[in-house]
Amino acid sequence: MMSIHRAAMAAALLAGTALCAPAAMAQDKELTLCWAAWDPANALVELSKDFTAQSGVKMNFEFVPWTNFADRMLNELNSGGKLCDLMIGDSQWIGGGATYGHYVKLNDFFDKEGITMDDFLPAAVDAYAAWPKGSTNYYALPAMGDAVGWVYRKDWFERPEIREAFQAEVGRPLDVPKTWDELVEVARFFQGREIDGETRYGAAIYTERGSEGITMGVTNALYPYGFKYENTPGKYDMDGAVNSPDAVAGLEKYKELYECCTPPGHSDAYMTEDLDAYKSGQTALQMNFFAFFPGIAKDPNVGGDTSGFFVNPSAKVAASVLGGQGISVVAYSDKQDEALEYIKWFAQPDVQKKWWSLGGYAVHNAVVEDPSFPESTPFAGQFLEAMSNVKDFWQEPIYAELLLAMQKRMHDYVVADQGTAQEALDKLIEDWTVSFEDDGKL
Amino acid sequence: MSDHVDDSLSVPAASAARRRPPRAVRGLSDRWIATLFIAPSIVLLLAINIFPLIWTVYLSFTNFRANQPGREVNWLGTKNYARLLGSEDVWSYLQATAHFVVWTMLIQVAIGLGLALLVNKNFKGAPVWTTIILIPMMLSPAVVGTFWTYLYQPQTGIFSYIVDFFTGLGPIDMIGSVKLAPWAIVIVDTWMWTPYIMLLCLAGLRSIPDYLYEAAEVDRAGPFQTFWYITLPRILPFLMLAVLFRGIENFKMFDMVVELTSGGPGSTTELASINLKREAFEKWRTGYASAFAVILFVTVFGLGNIYVKALNRVKQ
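Since the model is a prediction, treat every value here as computed from it, not as a measurement.

## A closer look at the overall build of chain B
Within chain B, the secondary structure is distributed over 13 helices and zero strands. Start at the N end of chain B and walk to the C end: the helices and strands fall as α-α-α-α-α-α-α-α-α-α-α-α-α. At 28 Å, chain B has a C-alpha radius of gyration far larger than the 20 Å of a compact globule built from 316 residues. Taken over the C-alpha atoms alone, chain B extends approximately 95 × 75 × 30 Å along its principal axes.

Below you can see the structure in the form of structure tokens.
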């Protein structure tokens, strides 16, 4: 009796082992995806569970706060590190990723798998995937479309007493600002105003000094005023473009907004600080990336009908600052096959639809061309509008050098009140000229 | 001069055999053995300190970029140095650094010495107070920087509240104001490192023999004369040592200021070390950054040498 029992146990164990073997082997495969630590990253973790279920490849994630993201991940790439198999790197990194060989070129893989860039928004393809710009050399798949937009306190805007006061002070109805002049008027109106017994302020805007904050903020004003990096694309002829009278006007407008209408102590603020200022009810307006808008819409304090969203106001032209990233396969990875498998899975229309529903910003035509898309969220229409006119910072391999020069010049002028807008932009051209000379471009 | 050796003074043969060095070491002089022992340290020193220094000097004459290892490295001569010394921005970083170093030293020495004199009185609870005063020094500078950004918040920070309470000036933006930010970092560094100066001064004070004070009392010397002629000369070497250590530390101050102001507003608090890090590891202009590092090294080394000579003179 005893021996029969033992035999049965052994048989059960063997059967169990045999059944579990494929799953266990599949779980041996794993990938590490590197990105910034923010709301969309959490959505991606949720989404990637489907990939693991389907392929058996376990997904690990390395998320770094935005303030350290570039430092940490660019060091990883520059040192040929094997931590990341997949990298959702910033749009500016594409130039360096391609030139220095950090990213795998994906053209052959796309051709083999039938993945076409025609399925994605053209602006996103150009910004997140191609290098050089305008070429058909692809080093990433557009993963997360994003741009800088605005949030406002819809509930305050709708109050009769506030509307009356605005009409009396400004001489027009209080409405969502369409131009930068209107934006400053609205922000100025709310600055220091007492609402519900508390002092409120105008706008939470980007002023951060250390990484890229003030550049993202300032260019949100500069682009609509007509700022360009070059007179002729690819020629690096910056004089007359970077420091044009229109660019000077845009920069002066941003400084005006900073000086008149930001909360006290807002001299080194980026995404998180703007969110904090807005969510705590300090400001009527907030500048931030669309990626944060799902979180705002769901926020218990400012979500629902409390907040409204609008695209970056224009001045001479409609333009918004580009955010967002593409997903690339890291050239130093030992698991490139699995990484490519992930990209193939991610590029599927159904996966892209689920990505959008979870809070990721899909830029696949299957998502954005769906007739119901503009109504799918309170900000989907604005997102599409913004993505149609986005402009990005230099995507040069030496972008970090160019970015830090702009950070310094803009902070010196806007926050530290040193010199004039014209001087700041002239000095910026001097800095950039040296950088391009060193890089052999000039 | 005789060949004769007194047996009573000679080492017994068996004992001598025991003390004889092993065969492998036999034939090595004391100098060789000493060299063998210190060789690993010298190799480490050369590898970790001397070689990087020489390499940095070499790179400072090139256009090398650490993030582009495959790129051709060109010899630029003194171009990096000329560009550095001709840059208004670099002089403003050095100016910000000098402001920070000079004021922190002056204020910390004054307060540290005062605290040391106070704690040295041996009043009731003095050891407890000494420990409490030392606490800031034990924290990480990065933590201190982050912590003080909250204290300095104009709307919610306690610092702003206290200033407003006593002066009625309203909320003040310490780290957002061009005029106040340099003082904001001086205050935080003083809060953190004054205890260190106090500790060294206290060591100096405790080393002064009582009989000197007793003699002064017999000679009817006043408190100021006692301090001027006995206390100060006796603790001056300790004080100067503290200033040397803190001066060098503050010349290369980085983490606390980055956390506190990121070098802003504008470039008001961008110390030389912060800019050096930006050039080297964010812009990746390694050659240019190496030249800046060499200039800073020569400055610290030169000033340090002059200071050490003065210190030795005071000791004598």
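Still more to cover.
## Details of empty space enclosed by the protein
Summed over the entire model, instances satisfying the criterion amount to two cavities of 30 Å³ or more. Considering only enclosed or pocket space, the largest cavity measures out at about 170 Å³ in volume. Along its surface, the largest cavity is lined by 21 residues, and A:L74, A:Y100, A:P397, A:Y399 and B:N67 are the ones closest to its centre. Contributions of two or more residues to the lining of the largest cavity are made by α3 (66-78), α4 (93-99) and α19 (399-414) of chain A. A per-class count over the lining of the largest cavity returns ten nonpolar, seven polar and four charged. What the second largest cavity holds in volume is close to 100 Å³. Forming the walls of the second largest cavity are 16 residues, and the residues nearest its centre are A:D90, A:E212, A:F289, A:G323 and A:G324. In terms of residue class, the lining of the second largest cavity is built from seven nonpolar, five polar and four charged.

## Notes on the UniProt feature "domain: ABC transmembrane type-1" (unreviewed entry) in chain B
UniProt records the feature "domain: ABC transmembrane type-1" (unreviewed entry) at residues 94-307 of chain B, using the numbering of this structure. From the first C-alpha to the last, residues 94-307 of chain B spans 19 Å; its make-up is 74% helix and 0% strand.

## Examining the nonpolar core
The nonpolar side chains of a soluble globular protein tend to be buried, and buried together. If you look at the biggest cluster of nonpolar residues, it comprises 155 residues, and the most contacted ones within it are A:W35, A:L285, A:Y342, A:F346 and A:W432. Among the elements that make up this core, the one with the highest residue count is α19(A) (nine residues). Not counting the four nearest positions on each side in its chain, A:W432 is found in contact with A:Y229, A:M238, A:V242, A:F393, A:W394, A:L402, A:A405 and A:M406. Within the second largest apolar cluster, 58 residues are counted, among which are B:V101, B:V119, B:A272 and B:A289.

## Examining the state of the cysteines
All names here are of chain A. Counting across every chain of the model gives two disulfides over all chains. Across the disulfide from C34 sits C84; the S-S distance is 2.0 Å. Between C34 and C84, the S-S torsion sits near -90 degrees, and that sign places the bridge as left-handed. Pair noted here: C34 is in strand β1 (residues 30-36) and C84 is in the loop between α3 and β3 (86-90), with a separation of 50 residues, a long-range link.

## Things to note about the pattern of salt bridges
Where charged atoms from two side chains of opposite charge approach closely, those side chains can pair. In the structure shown here, the tally under the stated rule is 34 salt bridges over all chains. Put simply, A:E169 and A:R193 hold a salt bridge, and the shortest N to O gap is 2.5 Å. Remark: A:R193 occurs in the loop between α9 (180-190) and β5 (194-195) and A:E169 occurs in helix α8 (residues 160-170); sequence separation between them is 24 residues. We classify A:R193 as partly exposed; its relative accessible area is 21%. Here A:K255 ties to A:D417 by a salt bridge, and the two come within 2.7 Å at their closest N and O atoms. Of this pair, A:K255 sits in helix α11 (residues 245-261) while A:D417 sits in the loop between α19 and α20 (421-438), and the two are 162 residues apart along the sequence. According to the relative accessible area criterion, A:K255 is buried, its value standing at 7%. Overlapping salt bridges bring together A:E401, B:R65, B:E279, B:K283 and B:R285 as one network.

Definitions and limits used
Residues numbered from 1 in each chain as written. Chains lettered and ligands numbered in written order. Predicted model: local features only at pLDDT ≥ 70, side-chain atom pairs only at ≥ 80, totals over all residues. Heavy atoms only, no water. Helix = DSSP H or I, 4+ residues; strand = E, 2+ residues; numbered from the N terminus. Rg over C-alpha atoms; globule rule 2.2 N^0.38 Å. 1 Å grid on protein atoms, 1.4 Å probe; cavity = no way out; pocket = protein on both sides within 12 Å on 5 of 7 lines; lining within 4 Å. Points joined across faces, edges and corners; volume = space filled by probe spheres on them. Nonpolar A, V, L, I, M, F, W, Y, C, P; charged D, E, K, R; others polar. UniProt positions renumbered as here; feature names shortened; annotations may be inferred. Core = buried A, V, L, I, M, F, W, Y, C linked by side-chain atoms within 4.5 Å. Buried < 20%, exposed > 50% of the residue type's maximum accessible area, 1.4 Å probe, protein only. Contact = heavy atoms within 4.5 Å. Disulfide = S-S within 2.5 Å. Salt bridge = Lys/Arg side-chain N within 4 Å of Asp/Glu carboxyl O.

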